[in-house]
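Observations on chain architecture
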Amino acid sequence: QQQQQQQHTTTQLKAARVSIEYCTGCRWNLRSVWLAQELLTTFQDDQEALESVSVVPSPPREGKRGGTFVVRLERPEKDETPMQQEQSQERQTTIEKQQQQEQQT
């Protein structure tokens with residue numbers, strides 16, 4: 001029954017896209033690549049679960065201690081139009097910019 005529920009959920013959604021943003025100054029590149037490898041290995045047999053994993057370097061924040069390590073998951077519904085997907089991405093970008101501005105102040 002659990003497997004049927006999982007299949008039902010998977011068929012209603014597109015495959016997920018994961019991005020892992022890491023701080024280059026903190027040298028977290030190995031951790032981000034390790035996490036990407038774990039995701040790809042875990043979902044290697046489930047083609048509908050994971051579409052892509054990307055590793056995104058991020059420069060250290062000026063004047064701040066510590067860096068960035070953010071994992072983002074995007075999994076749009078199958079019936080979303082390309083325009084809806086673009087609007088969703090724009091909202092996410094706006095939210096990220098607001099968070100960055102808050103961190104800088």
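As a starting point, this report considers the structure included with it. (Residues numbered from 1 in each chain as written. Predicted model: local features only at pLDDT ≥ 70, side-chain atom pairs only at ≥ 80, totals over all residues. Heavy atoms only, no water.)

**Here we look at the environment of Ser88**
So the rule is basically this: Counting from the N terminus, the helices are the DSSP runs of H or I reaching at least four residues and the strands are the DSSP runs of E reaching at least two. For every residue, the accessible area (1.4 Å probe, protein chains only) is compared with the maximum for its type, and the residue is labelled buried under 20%, exposed over 50%, or partly exposed between those bounds.
Within the fold, Ser88 resides in helix α3 (residues 82-104). Assessed through its relative accessible area of 30%, Ser88 is described here as partly exposed. Residues Ser88 and Glu74 lie 14 residues apart in sequence; the distance between their C-alpha atoms is 9.6 Å.

**Some thoughts on unusual backbone geometry**
Backbone geometry at Arg27 places phi at a positive 60°, although glycine is not the residue there. Within the secondary structure, Arg27 sits in the loop between β1 (16-23) and α2 (29-42).

**A few points about the side chain of Ser32**
In plain terms, the rule: Contact criterion: two residues are considered in contact whenever any of their non-hydrogen atoms come within 4.5 Å of each other.
With respect to the secondary-structure elements, Ser32 resides in helix α2. Those residues in contact with Ser32 that lie beyond four places of it in its chain are Ile20, Tyr22, Val55 and Phe69.

**Concerning the pattern of salt bridges**
For clarity, the cut-off: The rule for a salt bridge is simple: a side-chain nitrogen of Lys or Arg has to be within 4 Å of a carboxyl oxygen of Asp or Glu.
Counted by the stated rule, this structure contains three salt bridges. The partner of Arg17 in a salt bridge is Glu74, and the shortest N-O contact between them spans 2.6 Å. Here the residue Arg17 occupies a position in strand β1, and Glu74 occupies one in strand β3 (residues 69-74), the gap between them amounting to 57 residues. Taking relative accessible area as the criterion, Glu74 reaches 28% and is therefore assigned partly exposed. Through salt bridges with shared partners, a single network forms among Arg17, Glu51 and Glu74.

**Details of the sheet that holds strand β2 (residues 50-58)**
As a reminder, the rule being used: The rule for pairing is simple: two strands pair if DSSP sees at least two bridges between them. Axes here mean lines fitted to C-alpha atoms, for a helix over just the part in contact, with angles spanning 0 to 180 degrees between N-to-C directions.
A sheet is described by the order of its strands in space; here three strands give the open sequence β2-β1-β3, paired in mixed fashion. Across the chains shown, the open sheet's two edge strands, defined by having one partner strand only, are β2 and β3. The mean angle between the axes of side-by-side strands here comes to 15°, regardless of whether they run parallel or antiparallel. Across six bridges, the pairing between β1 and β3 is antiparallel. Across the sheet, the residue bridging to Ile20 is Val71, located in β3.

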